Amino acid sequence: MKRQIVALLLILVAVSFGFSQTKVVVNEWRIPFLNCLTGPIAAIGEFLQWGANYAANEINAAGGIAGKPVRVIPVDTGNDPQKGSVEMARIVKDSLVAMGPVPEPVILAAMPIAVENQMMSITATTSYEYAVQFFPWTVSWFPPTLDRLPALVIGWAKQFSDLKQVVQFIEPYGPWPGMAEAHSKALAGLNIKELKAIEVPTDAVTFGPLVVRALDQKPDGIILVCNAEKAAKIIKELKSRGWTKMNHILVFSSADDAQLYSTGGADLNGVQVYNYLNLEVSNPRWDKFKAAFAKDHNGQMPFSLSPNYYDALYMIKEAIEKTGVTGDPKKLKEERKKIADYCANVKGFQGLLYEWDMKDGVPTNKPSYIFEIQNGVKQFVLEVRP
Amino acid sequence: MPLSLYYFLSITAVNILMSWALYVPYRVTQLHFITIANMMISGYLAGYLVLHAHVPFIWALLIGFAVGGIIGFIVSLFIGDAPTFSVVIVGFTSIYITRTIVENLPIIGGTMGMFGLPNIGGNPGTHRWIILCILYGLVILCGFLIYRFDHSSIGRAASAVFVDKELASSLGIDIKKLGMLVQTFSCTLAGGVGVLYGFIYRSFHLDFFGFALIGIFMTVLFVGGYSTQWGPLITAPILYGLPLFFPTEVQSWRIVIYGLLLILVLELKPEGFITRKFVHSLGLSFSRKRAKEIYSKEEEQ
C-alpha cells in the first residue's frame, strides 16, 4: 500500500512538474515588428502594420496566444539600414521572435544580427532569394522565383494565340531583374520571341522615350517589371501612342498596389496583373479583413502584401501554442529554435486566404492568380498552383 | 559588449569619418559628394575580394583605401579648382554612374546585393572588436592629421581660399594643388570607410550608399559646425544616438526633426554649434585655468 502511495505521489509530482514546464510565464507576448513606417515606402509599411495589428486584435479577442494577450511592437526603421541594425541589435537581446525587417536594404543590414543570435524574424514580404540567405532563422513567404513565375507567364501567354513577340520593361531594383529573368524563361519555353528589354531607370519621371523604344520593336505583348507608379505611367503612355490590346499587357505582382490604380485610372481597363492575393476568394475571416481594411483605408480593398504579416502573426501563435513555448527568459535559446523549426515545416497552416504547407522554410502549395483590371477592380482570370 | 552599443559606436565612427571626408574639401568650399561613390566602389570591391577571391580582409581594406585615393586623385586632376556647384554636380553624377555599374554587375550581386561576408577573425565577437578598433584607430589618426592640417600653413591657405579665391591666388596659393590634396585625402578616407561600412553589416546593398547618407553627413557637418573638425566629432554621436532613445511616436518624426534642426541652425547659427571662435575661447579658458594652476603651484613651492 505504502509503495502504491509513494508511486502515486511520484506520478503527481511528475505530472505537476510537467505542467509547470509548459506554463506560460509571460503576462503578454511582445512581438517586435521592424517595419518601414516613415520614408519613401511608408505607405506600404502602414498597411503591413495594419495587417499585423488587426491579427493581434483578433487573436486577443479570441483569448490571446496560449491564454496571454499579444502585442505587436512597431519598430520604425525608416528604410535606413543604420537604424535597422541598431534596432535589431536591441531586439535580439531578449525577444522570443520578431517580424520584418522591411524592406531589402534593411533586411541585408539587420538579418545577419538575428541569424547570429539565433532568433527567428519572419521576413514575409521579400522574395525567396533574399530570405534563403538567412535560413533557418527566417522563412520564405514565396517559393523560388524561377519556380513560381514561369507558370504565371505561361498562363497569361496561352490566352492569346497572336502573342509572338514580347518586350519587358525592367526597373533594376532588388529582386526585380531576377523576376524578369523568370518571365524570360517562360517565354523561351513557349517559343515566344523576347525583344530587347527596356530598362526603366529608378529615378525616371518621363516614359515617352522608353515606350517609343519598346514600340519600335513591334511587340505583341508587354510585361511590366517596375514599381506601381511607373507601370501606370507606362501604360498611359502606351495607350496614348495607340496601343489597344490592353490584356496583352501583364503587370507583375510588386506593382499591384494603390498607386497603380490611382495613377492609371481608366487607362488600366483590360490590363492583366498577377498576384498572390485574390479578392474574390470568400471566407469569413478574409471577408471580415477586407471590410475592416476598406473601412480604415477610404474604401480601398487590401493591397498585395496586406495579409502577409497578419498570417505571420498567426503562424507565430500556432508555433508558440503547438510547441509549448512558455516565454521563460531562461529558455530563450531553446524556445527560439522551437518556433523556427515549427514555422519552417508547418503543415496545413490556415492562412487568411488559403491553407498551405512549408517545407524547410519554403511554401510548397501557395496558389497565385492572374486578374484583369476593369474600372479599378481586379477580375479573376485564372489560378496557378505549383 | 552589448550588440546595440557596438552598432551605435561603429556607425557613429562611420558618420564622424565621413563627415570629416566632407569637411576637409569644404575647407576650400568644395562639397565633395563623390566620396559616397568611393565608399560604394571600394566597399563592393573589397567585398568581392574577400568573398570570392579569398583575399585577407586587411589587404582588401588597404586596396579599398588605395582605390578610393586613386579615383579621388584622377578626378581631382579635372575638378581640383572647380567651384562648389561643379563639384556637387560631379559628385551626384558619380553616384548615379556607380549605382548603374553596380546594378549591372551580377558578379557583385547586382540589384540584389552582396550577402554573407565572413566574420573577420573567425567569430562575431572578434569581428566586432576588430571593426571597432580599426574605426576608432582611424578616427584618432584622421583627427590628428586633420588637426595638423588645420594648424599648418596649408590649412591657413585653405582658410584663405574659403574666404576669397582670388585673394588667395594673389597671395601665391596654388588653388588647384590644394584642391587636389584635400579631394584625394577625402576620397582615400571614404574608400576605406566604405569597406568597413559593409563589414559592419556583413553585406552590401546599393541602398546602403543612397542619397540619405549625404543627408546624414551634411546634417552632422553643418549642425556641428563646418569651420572646425570638432563639430562632426561631437554632433555625430548626438544626432545619431539621440533619436534611438526617442519614444516610438517621436521616432517617426526623426527626419522632420533633422530637417528642422538643419534649417534652424543654418538660420540662427550659420557656422554650426561648434565654431572656431568657440574652440578658440574654450582653449583660452583652459590655458588660463592651467596657467593659474601652474602659477599657484610655483608660488606654493
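Procedures and definitions
- Residues numbered from 1 in each chain as written.
- Chains lettered and ligands numbered in written order.
- Predicted model: local features only at pLDDT ≥ 70, side-chain atom pairs only at ≥ 80, totals over all residues.
- Heavy atoms only, no water.
- Pairing = 2+ DSSP bridges.
- Helix = DSSP H or I, 4+ residues; strand = E, 2+ residues; numbered from the N terminus.
- Domains from an automatic or database assignment.
- Contact = heavy atoms within 4.5 Å.
- Buried area = accessible area lost by both parts, 1.4 Å probe.
- Salt bridge = Lys/Arg side-chain N within 4 Å of Asp/Glu carboxyl O.
- Polar contact = N/O pair within 3.5 Å; in protein donor to acceptor, adjacent residues only side chain to side chain.
- Nonpolar A, V, L, I, M, F, W, Y, C, P; charged D, E, K, R; others polar.
- Buried < 20%, exposed > 50% of the residue type's maximum accessible area, 1.4 Å probe, protein only.
- pLDDT = per-residue confidence, 0-100.
- Phe/Tyr/Trp six-rings, centres within 6.5 Å; stacked < 30°, edge-to-face > 60°.
- Right-handed = clockwise from strand over helix to strand, strands pointing away.
- Axes fitted to C-alpha atoms, helices over the stretch in contact; angles between N-to-C directions.
- Parallel < 35°, antiparallel > 145°, perpendicular 65-115°, else oblique.
- Left-handed = near helix turned anticlockwise from the far one by under 90°.
- Expected span 1.5 Å × (residues − 1).

Let us look at the pairing of strand β16 (residues 377-384) of chain A. Here is the key point about a regular strand: its side chains alternate between the two faces of the sheet. Residue and element names in this part refer to chain A. Note that strand β15 (residues 368-374) and β16 share seven bridges and pair antiparallel. If you follow Tyr369 over to β16, its bridge partner there is Glu383. The hairpin turn running from β15 into β16, its antiparallel successor, is two residues long, and Asn375 in that turn takes a positive phi close to 50 degrees.

Residue and element names in this part refer to chain A. For chain A, the domain assignment lists domain 1 (23-142 + 291-353) and domain 2 (145-275 + 368-384). Relative placement of domain 1 and domain 2: their C-alpha centres are 31 Å apart. Of the residues lining the interface, 11 residues belong to domain 1; the matching set on domain 2 comes to 11 residues. Counting the surface lost from both domain 1 and domain 2, the interface buries some 810 Å², and carbon and sulfur atoms represent 55% of this. Considering only the surface of domain 1 that becomes buried against domain 2, Glu129, Phe303 and Ser304 emerge as the three largest contributors, covering 41% of it. If you look at where domain 1 meets domain 2, you find zero salt bridges. Linking domain 1 with domain 2 are one residue pair in polar contact (both at pLDDT 80 or more), by the criterion used here. Only α4 (104-116) and α5 (128-131) provide two or more residues apiece to the side of domain 1 that touches domain 2. For the side of domain 1 that touches domain 2, the per-class residue count stands at six nonpolar, three polar and two charged.

The next point concerns the interface of chain A and chain B. Opposite the 35 residues of chain A that make contact, chain B presents 33 residues. For the pair chain A and chain B, the summed buried area comes to about 2,800 Å², and 58% of that belongs to carbon and sulfur atoms. Considering only the surface of chain A that becomes buried against chain B, A:Gln82, A:Leu108 and A:Glu116 emerge as the three largest contributors, covering 23% of it. Seen at the junction of chain A and chain B, the total is one salt bridge. B:Arg128 is the partner of A:Glu116 in a salt bridge, and the nearest nitrogen-oxygen pair spans 2.6 Å. For the pair chain A and chain B, the number of links is eight residue pairs in polar contact (both at pLDDT 80 or more). When contributions to the side of chain A that touches chain B are tallied by element, the ones reaching two or more residues are β2 (70-76), α3 (81-94), α4 and α5 of chain A. In terms of residue count, the dominant contributor to the side of chain A that touches chain B is α3(A) (nine residues).

This part is about the side chain of A:Thr138. Residue and element names in this part refer to chain A. By secondary structure assignment, the location of Thr138 is in the loop between α5 and α6 (145-157). Note on Thr138: relative accessible area 1%, which makes it buried. In this structure the side chain of Thr138 is engaged in a polar contact, spanning 3.0 Å, whose partner is the side chain of Thr123. If near-sequence neighbours (up to four positions away) are discounted, Thr138 is found in contact with Met111, Met120, Ser121, Ile122, Thr123 and Ala131.

On to the confidence of the model for chain A. For chain A, the mean per-residue pLDDT works out to 91, and 94% of the residues sit at or above 70. pLDDT under 50 marks residues 15-20 of chain A. Its contacts with residues more than four places away, or in other chains, come to zero contacts.

Quick look at the packing of aromatic side chains now. Inspection of every chain in the model, using the stated rule, returns 44 aromatic pairs over all chains. Residues A:Tyr130 and B:Phe115 carry aromatic rings whose centres are separated by 5.5 Å and whose planes lie at 65 degrees to one another, so their mutual orientation is edge-to-face. Placement of A:Tyr130 in helix α5 and of B:Phe115 in the loop between α4 (84-103) and α5 (124-150) is noted, with the two residues assigned to different chains. When its relative accessible area of 0% is taken as the criterion, A:Tyr130 is described as buried. Consider the rings of A:Phe134 and B:Phe115, whose centres lie 6.2 Å apart with planes at 65 degrees: the pair is edge-to-face. With A:Phe134 in the loop between α5 and α6 and B:Phe115 in the loop between α4 and α5, the pair connects residues from two separate chains. Across this residue pair, the class does not change: A:Phe134 and B:Phe115 are buried.

Okay, the pairing of strand β8 (residues 221-225) of chain A next. All names here are of chain A. In terms of burial, β8 is largely enclosed, as five of its five residues are buried. With burial as the criterion, each face of β8 is covered, one bearing Gly221, Ile223 and Val225 and the other bearing Ile222 and Leu224. Two strands pair when backbone bridges link them, and strand β5 (residues 165-170) and β8 are joined in this way by five bridges, in the parallel orientation. Pairing of Phe169 across the sheet is with Leu224, part of β8. Pairing analysis gives three bridges linking β8 to strand β9 (residues 249-251), with the strands arranged parallel. Note that in β9 the partner of Leu224 across the bridge is Val251. Assessed by its sense of winding, the connection that carries the chain from β8 through helix α9 (residues 228-240) to β9 is right-handed.

All names here are of chain B. The geometry of helix α3 (residues 57-79) relative to helix α8 (residues 175-201) is characterised by a closest axis approach of 7 Å and an angle of 150 degrees between their N-to-C directions. Relative to α8, α3 is oriented roughly antiparallel. In the crossing of α3 with α8, the sense of the turn from one axis to the other is right-handed. Residues Phe57, Ala60, Leu61, Gly64, Phe65, Gly68, Gly69, Gly72, Phe73, Ser76, Leu77 and Ile79 of α3 form the contact with α8, whose own contacting residues are Lys176, Met180, Gln183, Thr184, Cys187, Thr188, Leu189, Gly191, Gly192, Val195, Leu196 and Phe199. Grouping the amino acids of the contact of α3 with α8 by side-chain chemistry returns 13 nonpolar, 10 polar and one charged.

What follows covers helix α2 (residues 34-51) of chain B. Helix length check: α2(B) (18 residues) gives 25 Å between terminal C-alpha atoms against 26 Å at 1.5 Å per residue, within 8%. Most of α2(B) sits out of view: 14 of its 18 residues are buried.

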